[in-house]
Amino acid sequence: MNLRLWNPERARRSRSGMPAALLLALPLTAGFAGAESAAIRARQGMVVSQSAIASEVGAQVLRDGGNAVDAAVATAFAMAVTHPTAGNIGGGGFLVWRPASGEPLAYDFREKAPAAAHPEMWLDENGEYSFQIHHLSHKAVGVPGTVAGLRLAWEEQGTMPWERLVRPAVELARDGFPISHGLAGSLARVLERMAPYPASVAQFSKDGTPYGPGEVLRQPDLAGSLERILENGTAGFYEGETAELLAAEMAANDGLITLEDLKNYRAVVREPIRGEYRGYEILSMPPPSSGGTAMVQMLNILEGYDIARNGFGSAANMHLMAEAMRRAYADRALHLGDPDFNPGIPIDRLTSKAYAEDLRATIDPERASVSSPSSFEWNTEGSETTHFSVVDKDRNAVSLTYTLEFGYGSGIVVPGAGFLLNNEMGDFNGAPGLTNERGLIGTDPNLAEPNKRMLSSMSPTIVARDGELFMVTGTPGGRTIINTVMQTIMNVVDHGMNAQEAVDAGRMHHQWLPDQIRYEKQMFSPDTLSILEAYGHRLSETEAQGAAEVIVVLRDEGVLEGGVDRRRPDGGAAVHDEDPSGN
Ligand code: DON
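Notes on the structure in this doc start here. Note that the structure is predicted; figures quoted are calculated from it, not measured.

Now for the overall build of the chain. Helix and strand content of the chain: 22 helices and 19 strands. Going through the 583 residues of the chain one by one, you find that 65% of them count as buried. For the chain, long-range pairs separated by at least 24 residues make up 74% of all intrachain contacts whose partners lie at least 6 apart in sequence.

See the structure below:
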């Protein structure tokens, strides 16, 4: 079946002005297996995540009458068990909530620096910056935010009993679940990094021998921690046995987090960043994420070009996107950080149409700009985070991205408590004035300070049209997150792709410095890449960028389309409907 035929909404969405028959004749520029991709459909509700098991936990909550926040809370706790690279209770993240009626909100449960943190805390005994201390030590661990954030969102928006939402995770941890091929490989690869931490080795291997696919992973200590959360809510994590185990692990290993830091942690409700792209309303994460601000800035720039007419994957579009990315990422490095410590962030200006117009005037349509060889570059960031999207039968929506930073975070499991600690402090700049040509950065807005949140790129995003829900999207991928999320939106809005095609389509990335376009291997034509080189771009290839999990609402058909990212294993959409075809 040719999916372009049965989706009238899509033909209507096309801005090319071409009749559908002509569109059908056009070859797809890129996509998995070179074929068009069927999107999963549902009428009532859907959860799309990187863990099919956890998606099903969330969908069952929807079937039992829960709303999107209920399902998100259950999915997030389940992923802390089934997707240990990034699902977590020892990390942090962001949740964007758009109710069918009422005001959207952004829940910020980003980790915080402990009270004893300071900007020079990652210098070694010789006063030299140490990557090891910054990213892979107990000093890399931020005060976790996930439990407080899920609890706050549930208190404000949830409808089902807390116990009902946490219990599936307790059972998955206690009784175990079958290890997939993907998880078996990932656990085997991380074993060496976990070797210094006996509790980590015990939890994720058989006395140092990797698990094979199909074997059952049981995590009894994690079940105990989840049970304390089930019974006592936030206090079940930030106080009492769990908190004591965490603080003891810190005290024994030069870590900084104390019982006081844990007790003082609070999640925060913030105003989402709002933008508008070709009549679609964009809602995304404000600082301490850079995501919403940079994405709206880029979309504002790109709105001035006929992206649909240029065509997906054309050199013209890739060039314009790279130039928009270059400019937004430069502003990101210069201006963004924790808003509670940087009161003057010029968000209104950065996200204004007028500023975008000024920036557009600096773009030559056939010549790459040069990123100023100033001292800014990127931090080293991990590539494991996870995103999921939820829509319920009333069209309330949740977009949630959370992380441990690196895959499996610090690699440190808290002995007796069974959960992994993040290494999110690595998202702070490494030291004042550190900025150098090798890629380190030391600008002020994102230096470590007591109780400060580190800058993030996570961009859980919701798109609306005419006041109604249109799309829920997000992805992992470190600094690439913002660009991947933007491309999923452009793929649907400009190129008329369905949810699955929008996820499958090839992705590219530019982040100011290094001054290069990184593109997904095999997804763009060599001819196109040659044109980009002729424009003056430097190119580099990557295997895969991100793992976007997307839901699109086809309003006229009353249907939800799900797009599951097949770049990483184990993902899946689960639907509320009894008839999973959505018919
Ligand atoms: O908050 C951030 O932007 C990073 N710590 C996220 C890391 C990440 O996405 C790794 N992902 N795949």
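Overall, antiparallel pairing links the seven strands, which are arranged β7-β4-β3-β11-β10-β2-β19 in an open sheet. Either end of the sheet is taken by a strand with one partner, and the two such strands are β7 (268-270) and β19 (572-575). Averaged over all pairs of adjacent strands, the angle between strand axes in this sheet comes to 15°, irrespective of strand direction. The sheet contact formed by strand β10 (residues 385-391) and strand β11 (residues 397-403) spans seven bridges and is antiparallel. Note on β11: the bridge partner recorded for Val391 is Ala397. Lying on the sheet, helix α5 (residues 68-82) is in contact with β2 (46-49), β3 (92-98), β10 and β11; it crosses β10 at an angle near 150°.

Once that is clear, we can look at helix α15 (residues 291-302). Three- or four-residue spacings in an α-helix give side chains the same orientation, since the helix completes a turn every 3.6 residues. Here α15 is 12 residues long and its end C-alpha atoms lie 16 Å apart, about the 16 Å a rise of 1.5 Å per residue gives. Judged by how many residues are buried, α15 sits mostly within the fold: 12 of 12 residues are covered.

This part takes up the sheet that holds strand β17 (residues 550-554). In space, the seven strands of this open sheet follow the order β1-β18-β17-β13-β12-β9-β8, with antiparallel pairing throughout. Of all the strands in the sheet, just β1 (40-42) and β8 (273-277) have a single pairing partner and so form its edges. In this sheet, neighbouring strand axes are inclined to one another by 25° on average, regardless of whether the strands run parallel or antiparallel. By the bridge criterion, five bridges tie β8 to strand β9 (residues 280-284) in an arrangement that is antiparallel. Pairing of Tyr277 across the sheet is with Tyr280, part of β9. This element, α15, spans β8, β9 and β12 (461-465) of the sheet and lies at about 20° to β8.

Moving on to unusual backbone geometry. Pro287 connects to Pro288 through a cis peptide bond whose omega is 20°. Checked against the element boundaries, Pro288 lands in the loop between β9 and α15. For the bond running from Leu513 to Pro514, omega is 0°, close enough to zero to count as cis. A positive phi angle is found at Asn451, which is not glycine, with a value near 65°. Residue classification places Asn451 among the partly exposed residues on the basis of a relative accessible area of 36%. Look at Trp512: it is not a glycine, yet its phi comes out positive at around 75°. Position of Trp512 among the secondary structure elements: in the loop between β14 (508-509) and β15 (517-520).

So, on to the environment of Leu447. Within the fold, Leu447 resides in the loop between β11 and β12. With 15 residues separating them in the primary sequence, Leu447 and Pro432 have C-alpha atoms 6.9 Å apart.

With that out of the way, let us pick up the packing of aromatic side chains. Overall, the coordinates contain 10 aromatic pairs when judged by the stated rule. Ring centres of Phe204 and Tyr408 lie 6.1 Å apart, and the angle between their planes is 65°; this geometry places the pair in the edge-to-face category. Of this pair, Phe204 sits in helix α10 (residues 198-204) while Tyr408 sits in the loop between β11 and β12; the two residues are 204 residues apart in sequence, bridging distant segments of the chain. Neither Phe204 nor Tyr408 differs from the other in exposure class; each is buried. Residues Phe388 and Tyr402 carry aromatic rings whose centres are separated by 6.5 Å and whose planes lie at 85° to one another, so their mutual orientation is edge-to-face. A residue pair is termed long-range when its members are at least 10 positions apart, and Phe388 in strand β10 and Tyr402 in strand β11 qualify at 14 residues.

Rules behind the numbers
- Residues numbered from 1 in each chain as written.
- Predicted model: local features only at pLDDT ≥ 70, side-chain atom pairs only at ≥ 80, totals over all residues.
- Heavy atoms only, no water.
- Helix = DSSP H or I, 4+ residues; strand = E, 2+ residues; numbered from the N terminus.
- Buried < 20%, exposed > 50% of the residue type's maximum accessible area, 1.4 Å probe, protein only.
- Contact = heavy atoms within 4.5 Å.
- Pairing = 2+ DSSP bridges.
- Axes fitted to C-alpha atoms, helices over the stretch in contact; angles between N-to-C directions.
- Expected span 1.5 Å × (residues − 1).
- Phe/Tyr/Trp six-rings, centres within 6.5 Å; stacked < 30°, edge-to-face > 60°.

Purely spatial values, then, with no claim about function.
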